[in-house]
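# Structural description and commentary
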Amino acid sequence: MIPIKDLIVKDIQRIVKELTGQSIIPILEHPKDERHGDYSSNIALAIFSSSKFRPKADQSLADKVQSSKFRTPMELAEEIATKFKIQNSKFKILEKVEAVKPGFVNFYLSEKYLLENIKTVLEEKEKFGSKRQDPNKKVVIEYSSPNIAKPFTVGHLRSTIIGDAIANLLEANGWKVYRDNHLGDWGTQFGKQIYAIKTWGNEDEITKSENPVKMLMDLYVRFHQEAEKDPALEEEGRRWFKKLEDGDKETRRLWNKCIEWSLKEFRKIYDRLGISFTENNGAGYGESFFEDKMGGIINELEKKGLLKESEGAKLVFYPKNKYPPLMIIKKDGATLYATRDLATDKFRLNKYGKDVVIINEVGIEQSLYFKQIFEIEKMLGWVKDGQRIHKRHGHYRFKDEKMSTRKGNVIWLEEVLEEAIGRANKLSSGKAENTAKDVAIGAIKWNDLKRTSEQDIVFDWDEILNMEGNAGPYLQYTFARTQSVIHKASINVMPNSFQHLERTGILKPASPRGEQVQDDKMMEPEEVSLLRALQRFPEIVWEAGENFSPNLLCNYLFDLAQKFNLFYQKHKILESENRDFRLALTQAVGQVIKNGLYLLGIKAPERM
Ligand code: ARG
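Small disclaimer: the values here were computed from a predicted structure and weren't measured.

Quick look at the site of the ligand now. Near the ligand you find Glu142, Ser145, Asn147, His156, His182, Tyr337, Asp341, Asn360, Val362, Gln366 and Phe370, and these make up its full shell. At a separation of 2.6 Å, a nitrogen atom of the ligand approaches a polar side-chain atom of Asn147. At 3.1 Å from an oxygen atom of the ligand is found a side-chain nitrogen or oxygen belonging to Gln366. When the free accessible area of the ligand is taken as 350 Å², the share hidden by the protein chains comes to 89%. Elements represented by at least two residues in the shell around the ligand include exactly helix H13 (337–352) and strand E10 (357–363). The residue inventory of the shell around the ligand, partitioned by class, reads three nonpolar, six polar and two charged.

Okay, here's the thing in structure tokens:
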């Protein structure tokens, strides 16, 4: 089904072309005030403000009249509305098209169409909203990407949650999605780490520990403390990294151990969050995978004359010093994070196709770095504009003192999740343990997804677990409410039973909204409002995906939930003469909330 919005856009475009000769892609907005219709276009105003359309000063009067048949935006808007009315009369999708001052065109969907849509929701079920429209688009989305032997930070948590939601949305829009995890498992720090394990560590203890990463981190910190007293240790670190690079057996074994120990913890987190990756058998291609692929990149950079030597190191300088130079090889010959990123992208372009879109979900603090990387990739002729995307997220700040007293953003995620589950348990009145888990995880995810990702988050349990405001539990609670109504009715709401309603005329599907029809069965404003909101879901999924912005979907779902709760407060469902219609409406709202939450990676328990 082609979304109605696209149809209207196409029609406006065609009509405007006929009337003015101009090809402009109109922007359709949702009026803030529902009384102004479902969609609104400012195309007439836009055309009048574009210089092309305005008659030139030196034109004769006759010419002026000729070139602008319409003297005001309002005249043009009226003409557009008239043309629409004529052609629309046969489809009945639109109830009304009107021009309003100073030159907007507003579109009102017909109730018949809105009712059709409910049927579609009930028929398509979990598929409703997934349009599969962009079958030729491919994307590698890389998210999470924690570092081996370092804690999984809240930054990694944000990346994991946002990246997964974007991947889900793009999949719903029909993109081919490759989910990757760029583990930080390579670099000179492993020389120090291995030296520290060998010198002060105990492998058995680490293996047995519940929190091996913490032990590794303590060892790493110790290395730096000791190195301050004895600078010769730095050389030791370099020596051990060299051994690692040269494939020394014992060094490789310990390095592999570090990965194993860390993944044990990371996997626990992924399991809890319900996160998975598709690449490299689900492990993702970590930095170490590119160890033998950096040589080729360095050659390519050399050949294209992009590497310049400076104090023994090799860097890329940017034309007109657009960005500070980026180091590719250190003076001791070692490669860097950047070298591996270039090798990674080259590998992706080869593997998935040169037109693949590549998204890195990484903290905002790496913004300059990614600009530098993208620019090099453009200089190398690898990618086109818009093909490389850094989806940035802001930082967490902690309101909770317990957490803010910790240094930096080193909080142990397990603790946060445990705490969330504990608190959710109280919320969901001690129901099944799984429900508390779903509520806790859902709350943390929603808290992250509900705002534009660049924004910082002030971590506040009261906000996160709010049952009445813009929070995960509120959405889940609203869903559970729809399900409890359906269960109480103990009927299976079928799209067909709904058709039957229309035939028997209990509903007045074609009754013009706004007009005073002498019929007490006319729909309530809260019902119409819900119908109109439901209609928008596929469009929102589409927009949230194409803009890589899950928060658009959150805004929508929160609004829908509020509308439903208002309807629920004001009207009886089970004891109403419109019971069947209201049940169908309730079922459709539940379905859409569930589908939306699913795309955000949030579960929708039936009961709370
Ligand atoms: N491991 C890095 C960190 O924790 C993030 C990696 C981001 N991805 C990338 N391709 N550079 O900061």
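With respect to the secondary-structure elements, Phe190 resides in helix H7 (residues 189–200). In the structure, Phe190 is positioned 47 residues away from Gly237 in sequence and 8.0 Å away in space, judged by C-alpha atoms. Those residues in contact with Phe190 that sit more than four places away from it in its chain are Ile148, Gly184, Asp185, Leu244 and Trp255.

Throughout the structure, instances matching the rule amount to 27 aromatic pairs. Each ring, one from Tyr285 and one from Phe347, has its centre 5.0 Å from the other, and the planes form 70°; the classification is edge-to-face. With Tyr285 in the loop between helix H11 (249–273) and helix H12 (294–303) and Phe347 in helix H13, this pair connects stretches of sequence that are 62 residues apart. Of the two residues, Tyr285 and Phe347, both sit in the buried class. We note Lys176 situated over the ring of Tyr178; from NZ or CZ to the ring centre the distance is 5.2 Å. One Lys or Arg, Lys293, reaches over the ring of Phe289 and ends 4.1 Å from the middle of that ring.

Criteria and thresholds
Residues numbered from 1 in each chain as written. Predicted model: local features only at pLDDT ≥ 70, side-chain atom pairs only at ≥ 80, totals over all residues. Heavy atoms only, no water. Near = heavy atom within 4 Å. Polar contact = N/O pair within 3.5 Å; in protein donor to acceptor, adjacent residues only side chain to side chain. Areas by Shrake-Rupley, 256 points an atom, 1.4 Å probe, with all protein chains shown as cover. Helix = DSSP H or I, 4+ residues; strand = E, 2+ residues; numbered from the N terminus. Nonpolar A, V, L, I, M, F, W, Y, C, P; charged D, E, K, R; others polar. Contact = heavy atoms within 4.5 Å. Phe/Tyr/Trp six-rings, centres within 6.5 Å; stacked < 30°, edge-to-face > 60°. Buried < 20%, exposed > 50% of the residue type's maximum accessible area, 1.4 Å probe, protein only. Lys NZ or Arg CZ within 6 Å of the ring centre and 35° of its normal.

Interpretation note: all reported values are geometric properties and have no functional meaning in isolation.
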